[in-house]
Structure formats: structure tokens, C-alpha cells
Amino acid sequence: MTKAHDPINREFTAGDLEPLLEEARVSNTVLVQTWSSLEETEAFLTLAGTCEFIAGVVGWVDLTGDVSMQLARLNAHPEVSLLKGIRHQVHDEDDANWLMRPDVQHGLHALSKSGLVYDLLIRAREIPAAVSCVKALPDMKFIVDHIAKPRICDGWDAEWDAQITQLATQKTNVWIKLSGLVTESNWQAWRPQDIEPYVQRVLTLFGTKRVMVGSDWPVCTLASTYGNTMELVRDCISNFSVDEQEDILRNNAIRAYGLDVA
């Protein structure tokens with residue numbers, strides 16, 4: 001975190017989120033890792049076991065370490081059935097090719113045997129390695145977070161467009177999440193018309209069966225409220241059919257993560 005993140009430099013709880021879900025007409029959510037920590041993953045699983053609205057957890061394991069041993073530790077948790085995926089802040093690594101490092105690939109191959117999804121937290125710089133990665137693991141599900149963080153605040157990000165187009169061709173095992181949109185825009189002066197072209201581009205490339213919605217709460221509160229963040233996506237997809245909207249807002253996440261919800 002930097003000084004710009006001071007407004008969210010505090011503890012956020014499930015109690016903070018629950019009334020926001022009700023106001024935004026959201027029934028369930030997936031809790032996604034923030035720290036490179038097995039302890040956080042275990043704490044998230046414990047929390048998910050007490051909150052009906054948390055339908056799944058995306059946690060963390062050290063892909064450069066003994067993945068089987070770490071998964072064995074997580075499998076001993078009583079709420080392990082709620083563990084749906086793993087994530088790492090790939091975009092913070094110095095090496096743009098981190099995903100294709102031999103030790104990371106060894107870890108991902110071990111992870112793939114567990115049936116867990118892998119969330120890709122990447123920017124345009126890391127997409128070429130991500131393309132190679134998903135080709136190397138065709139039986140593993142990958143979900144791109146925050147539409148790979150285009151530089152929305154600078155206008156149209158042509159580098160992102162070229163790279164995400166390549167990633168979208170991997171049609172059998174890659175989904176993408178409409179999240180992190182307001183915080184890649186101008187926090188104080190973002191406009192829906194700045195963001196909608198990116199949403200439409202993602203839907204054109206990935207189709208309505210491989211796109212899901214995410215809030216990126218509480219980070220989104222740096223630029224908007226939870227409710228307005230969700231409403232922005234609803235507005236951007238309002239031209240699609242009711243069934244297509246239902247897929248984007250609900251069904252695709254259930255299928256990709258394997259969520260057990262009513």
C-alpha cells in the first residue's frame with residue numbers, strides 16, 4: 001500500500017460487506033486472497049464457513065515451494081470444500097515471464113491435479129507468459145482478474161488490447177472477470193463512457209459465457225461505492241439478453257469456480 005491507499009488501510013470485515021450486498025442485490029460472493037500467506041487462506045476458509053454469502057475462497061500457495069505439502073495442510077481444514085482457487089500477485093514480480101519459470105510451472109502442474117482454479121492477476125506485460133502458461137496446462141481453469149488491468153485512465157490502451165486479444169483465443173480454459181475497472185480509471189473523475197468500451201471489448205473477445213463480474217471490494221472504494229461499482233457493470237451489459245446478463249452476473253462464476261449455491 002502507498003499513501004494513496006490510506007482510505008482502505010484498515011481491517012474490513014464480513015459485517016462491513018453484508019449490508020452492501022443486500023443493497024446491491026448480490027446474494028453470494030467469492031473471497032479472494034490479498035496476502036501471500038497460507039495463514040490468510042486458512043482464516044478465509046474459517047470465515048467462509050460462518051458466512052452464508054461467501055460461496056468460495058480463492059487462496060494462496062507458494063508455487064515455487066512444495067505445493068503438495070501446502071495443499072495437504074489446506075486439505076486438513078474443516079472448510080476446505082470452500083477452497084475454489086489459488087492466486088498470486090504475478091504483476092508484482094520483477095520477471096514478466098514469472099509464470100513460465102520452471103519452478104512456477106512445476107508448482108502449477110502440481111496444483112492442476114487438485115482441480116483448483118488459478119486466478120491470473122496480471123497486466124499487459126505478463127500476458128504473453130500467461131498465454132504460454134494456459135497452453136501448457138490445457139486441463140486447468142484460469143480466470144483473469146480485473147480484465148488484466150488496462151490503463152483506462154490514459155484513454156485506450158492499445159498494448160492491452162493487442163495482448164488480451166491473444167489470451168482470448170484460449171477458449172477452452174480461460175475466463176475473465178469484469179472487476180477493477182474504476183480503480184484503473186481516474187479515481188476522482190472516472191466516467192462510465194471511459195470504461196464501457198473496455199467492457200464491450202472483453203465481451204466481444206471472450207463472449208458472454210466466459211465473462212463474470214467482480215467488485216474488487218474494498219479496493220473499489222478508492223474510486224466508487226460497492227453498489228455503484230456493481231451498477232456500472234449492470235449498465236454496461238444492459239443491451240444483452242436477460243439470459244446473457246444472468247450468465248455474466250451469476251452463472252459463469254458458478255460454473256468456473258464450481259460454486260455450490262442455491
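Please refer to the structure placed before this passage.
Residues numbered from 1 in each chain as written. Predicted model: local features only at pLDDT ≥ 70, side-chain atom pairs only at ≥ 80, totals over all residues. Heavy atoms only, no water.

**Q** Any chance you could break down helix 5 (residues 127–136) for me, citing the residues and the numbers?
**A** Residues of helix 5 that are buried: Ile127, Ala129, Ala130, Val131, Cys133 and Val134. Where helix 5 is buried, its residues contact helix 4 (102–112), strand 4 (117–120), strand 5 (142–144), helix 6 (158–168) and strand 6 (174–178). (Buried < 20%, exposed > 50% of the residue type's maximum accessible area, 1.4 Å probe, protein only. Helix = DSSP H or I, 4+ residues; strand = E, 2+ residues; numbered from the N terminus. Contact = heavy atoms within 4.5 Å.)

**Q** Mind laying out the packing of helix 6 against helix 7 (residues 192–206), listing which residues take part and the relevant values?
**A** For any two helices packed against each other, the geometry comes down to the angle between their axes and how far apart the axes lie. It is the contact of helix 6 with helix 7, at a shortest axis distance of 9 Å, that shows an interaxial angle of 30 degrees. The angle between the axes of helix 6 and helix 7 places the two elements in the roughly parallel class. Classified by chirality, the crossing of helix 7 by helix 6 is right-handed. Contacts between helix 6 and helix 7 involve Trp160, Asp161, Ile164, Thr165, Leu167 and Ala168 from the first element and Tyr198, Arg201, Val202, Leu205 and Phe206 from the second. In terms of residue class, the contact of helix 6 with helix 7 is built from eight nonpolar, one polar and two charged. (Axes fitted to C-alpha atoms, helices over the stretch in contact; angles between N-to-C directions. Parallel < 35°, antiparallel > 145°, perpendicular 65-115°, else oblique. Left-handed = near helix turned anticlockwise from the far one by under 90°. Nonpolar A, V, L, I, M, F, W, Y, C, P; charged D, E, K, R; others polar.)

**Q** Break down the nonpolar core for me, with residues and values.
**A** If you look at the biggest cluster of nonpolar residues, it comprises 75 residues, and the most contacted ones within it are Leu99, Leu108, Leu111, Tyr118, Ile122 and Leu167. Considering every element that reaches this core, the biggest residue donor is helix 7, with seven residues. Residues contacting Leu108, with those up to four places away along its chain left out, are Leu63, Leu99, Tyr118, Cys133, Leu137 and Met140. (Core = buried A, V, L, I, M, F, W, Y, C linked by side-chain atoms within 4.5 Å.)

**Q** I'd like a rundown of the sheet that holds strand 2 (residues 54–59), residues and numbers included.
**A** Taken in spatial order, the seven strands make up an open sheet running 1-2-3-4-5-6-7, and their pairing is parallel. Looking at the sheet topology across the chains shown, the edges are occupied by strand 1 (29–32) and strand 7 (211–213). If you compare each strand with its neighbour and ignore which way they point, the axes differ by 30 degrees on average. Bridge count between strand 6 and strand 7: three bridges; the pairing is parallel. When the sheet's bridge partners are listed, Leu178 is paired in strand 7 with Val213. (Pairing = 2+ DSSP bridges.)

**Q** Please set out the environment of Ala168 residue by residue, giving values where relevant.
**A** You can see Ala168 is positioned in helix 6. The buried category is assigned to Ala168, whose relative accessible area is 3%. Residues in contact with Ala168, not counting those within four places in the same chain, are Leu205, Phe206 and Arg210.

**Q** An account of the side chain of His91 is needed here, citing residue identities and associated values.
**A** Positionally, His91 belongs in the loop between strand 3 (83–88) and helix 4. For His91, a relative accessible area of 14% gives the class buried. In this view, His91 contacts Leu121, Ile122, Arg123, Arg125, Glu126 and Lys149; residues no more than four positions away in its chain are not counted.

**Q** Mind laying out the pattern of salt bridges, listing which residues take part and the relevant values?
**A** Per the stated rule, a full pass over the model turns up 17 salt bridges. Of the charged contacts in the structure, one is a salt bridge between Asp145 and Arg87, with a shortest N-O distance of 3.0 Å. Placement of Asp145 in the loop between strand 5 and helix 6 and of Arg87 in strand 3 is noted, with a sequence separation of 58 residues between them. Put simply, Asp161 and Arg201 hold a salt bridge, and the shortest N to O gap is 2.8 Å. Pair noted here: Asp161 is in helix 6 and Arg201 is in helix 7, with a separation of 40 residues, a long-range link. (Salt bridge = Lys/Arg side-chain N within 4 Å of Asp/Glu carboxyl O.)

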